[in-house]
Amino acid sequence: QIPKDPAQRRVRELAMLSKRLQQVHPNVLAKVLRQGTVYQNEEIVVINKPYGLPVHGGPGIKNCIADVLPILAKMLENMKAEPLHLCHRLDKETTGVMVLARSKEVAERIRLLFKTRQVEKIYWAISVGDPDPAEGIVEIPIVEKEVQGQQSHYKMTLAPNYRLSPEDGKVVKIRKNRNAESAVTRYRLLASSSACSLLELQPIRVKHQIRVHLAYGLGCPILGDHKYSHWSKLAPQKLPEITLKRLKLEQSKARHLPLHLHAHRLSLPLGERIDLVCKPPLFFQKTLKKLELDITND
């Protein structure tokens, strides 16, 4: 039963996004990944990772990328192909460029490139609100903390090295949090409209860094980031009136909005530098269109 109302149809489409890939046969999932192949040579295979698909298995996860790597290798090469190897990870909700290696040795080489920060990564995100200034660098360490409340949970948050003194407004250095990890995110505004922005982001990476820097550092959480849009509660993101109107969405249905974070480009120094680019998924492109976020310079 497909709803006639386009708004209802859109909500249903969004709600189904990640469910669908969890219900298909592993062979079908491998086929989806094969269709999403953007580059391959004798060392690597690069796929455009779909939304809502976890990289690793876990409780309640039927399908994940790691499990179908042997099938994918056979589909791409031949029945004797050895399984592909993971080189890095993307969050379940993040889409875009993902590198797989054809051998263990290559995988280790690429993991080292990631670890030593020789891989240049460019993400695209749609954020709620405009960053001020429109271009800059957020350099604030982040740390995991427990949020007390009705449902206690853990979140990454900022652990700044400085604060303003309430007495005289002077900048005071804070004692460093031992568990904090340094995190740097370069950002640049590509377009803004409908109380939202399209941002280009370059993380120097720890887990959830982009999401935390945008939400708590710049006050512009990523569209569909229900985890980092509030600090103290687990609740759907609250959206501006104009954004809801353009998306043809009611606030009560905002919980179905997926995270709009896409690994757009990756530059890999394997002998020569390989530039890998992935188009954003359809739901991301539709949102750009609805919010009238026109990219003129890409």
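Conventions we followed
- Residues numbered from 1 in each chain as written.
- Predicted model: local features only at pLDDT ≥ 70, side-chain atom pairs only at ≥ 80, totals over all residues.
- Heavy atoms only, no water.
- Domains from an automatic or database assignment.
- Contact = heavy atoms within 4.5 Å.
- Salt bridge = Lys/Arg side-chain N within 4 Å of Asp/Glu carboxyl O.
- Polar contact = N/O pair within 3.5 Å; in protein donor to acceptor, adjacent residues only side chain to side chain.
- Helix = DSSP H or I, 4+ residues; strand = E, 2+ residues; numbered from the N terminus.
- Buried < 20%, exposed > 50% of the residue type's maximum accessible area, 1.4 Å probe, protein only.
- Expected span 1.5 Å × (residues − 1).
- Arc of directions from axis to C-beta.
- Axes fitted to C-alpha atoms, helices over the stretch in contact; angles between N-to-C directions.
- Left-handed = near helix turned anticlockwise from the far one by under 90°.
- Nonpolar A, V, L, I, M, F, W, Y, C, P; charged D, E, K, R; others polar.

Participant: Would you mind going over the domain arrangement of the chain with me for this structure?
Facilitator: When the parts come together, some accessible area is lost, and that loss is often what is quoted as the size of the interface. Entries for the chain in the domain assignment read domain 1 (1–116) and domain 2 (119–291). If you average the C-alpha positions of domain 1 and of domain 2, the two centres end up 23 Å apart. Listed as interface residues are 29 residues of domain 1 and, on the opposing side, 31 residues of domain 2. Our enumeration of links across domain 1 and domain 2 arrives at two salt bridges. Run the count over domain 1 and domain 2 and you get six residue pairs in polar contact (both at pLDDT 80 or more). Put simply, the parts of the chain that give the side of domain 1 that touches domain 2 at least two residues each are helix H1 (6–23), strand E1 (37–40), strand E2 (44–49), strand E4 (95–101) and helix H4 (104–115).

Participant: What exactly am I supposed to notice about the pattern of salt bridges here?
Facilitator: If the charged atoms of two oppositely charged side chains come close together, the side chains can form a pair. Under the definition given, this model contains nine salt bridges. Among the ionic pairs, Arg246 bridges to Glu292, the shortest N-O distance being 3.8 Å. Taken together, the residues span a long stretch of sequence, with Arg246 in helix H6 (residues 241–247) and Glu292 in the segment after helix H7 (282–290) at a distance of 46 residues. For Glu292, a relative accessible area of 44% translates into the label partly exposed.

Participant: Explanation requested: H4 in the structure shown.
Facilitator: In an α-helix, one full turn covers 3.6 residues, which means residues spaced three or four apart are oriented alike. Under the 1.5 Å per step criterion, the end-to-end length of H4 is 16 Å for twelve residues, consistent within 8% with the ideal 16 Å. By the burial criterion, the buried members of H4 are Val106, Ala107, Ile110, Leu113 and Phe114. For H4, the angular spread of the buried residues around the axis is 120 degrees, confining them to a single face. Residues of H4 that are exposed and point over 90 degrees away from its buried face: Lys104, Glu105, Leu112 and Lys115. Summarising the contacts, the buried residues of H4 are in contact with E2, strand E3 (85–86), E4, strand E5 (120–128) and strand E13 (261–270). Phi for Arg117, located one or two positions after H4, is positive at around 60 degrees.

Participant: When you look at the packing of H1 against H7 in this model, what are you seeing that I'm missing?
Facilitator: Packed helices, taken two at a time, are described by the angle their axes make and the gap between the axes. Direction vectors running N to C along H1 and H7 enclose 145 degrees, while the axes themselves pass 12 Å from each other. As H1 packs across H7, the resulting crossing turns out to be left-handed. When H1 is examined against H7, the residues Arg10, Glu13, Leu14 and Leu17 are found in contact with a partner set consisting of Phe283, Lys286, Thr287 and Lys290. Tallied by class, the residues present in the contact of H1 with H7 amount to three nonpolar, one polar and four charged.

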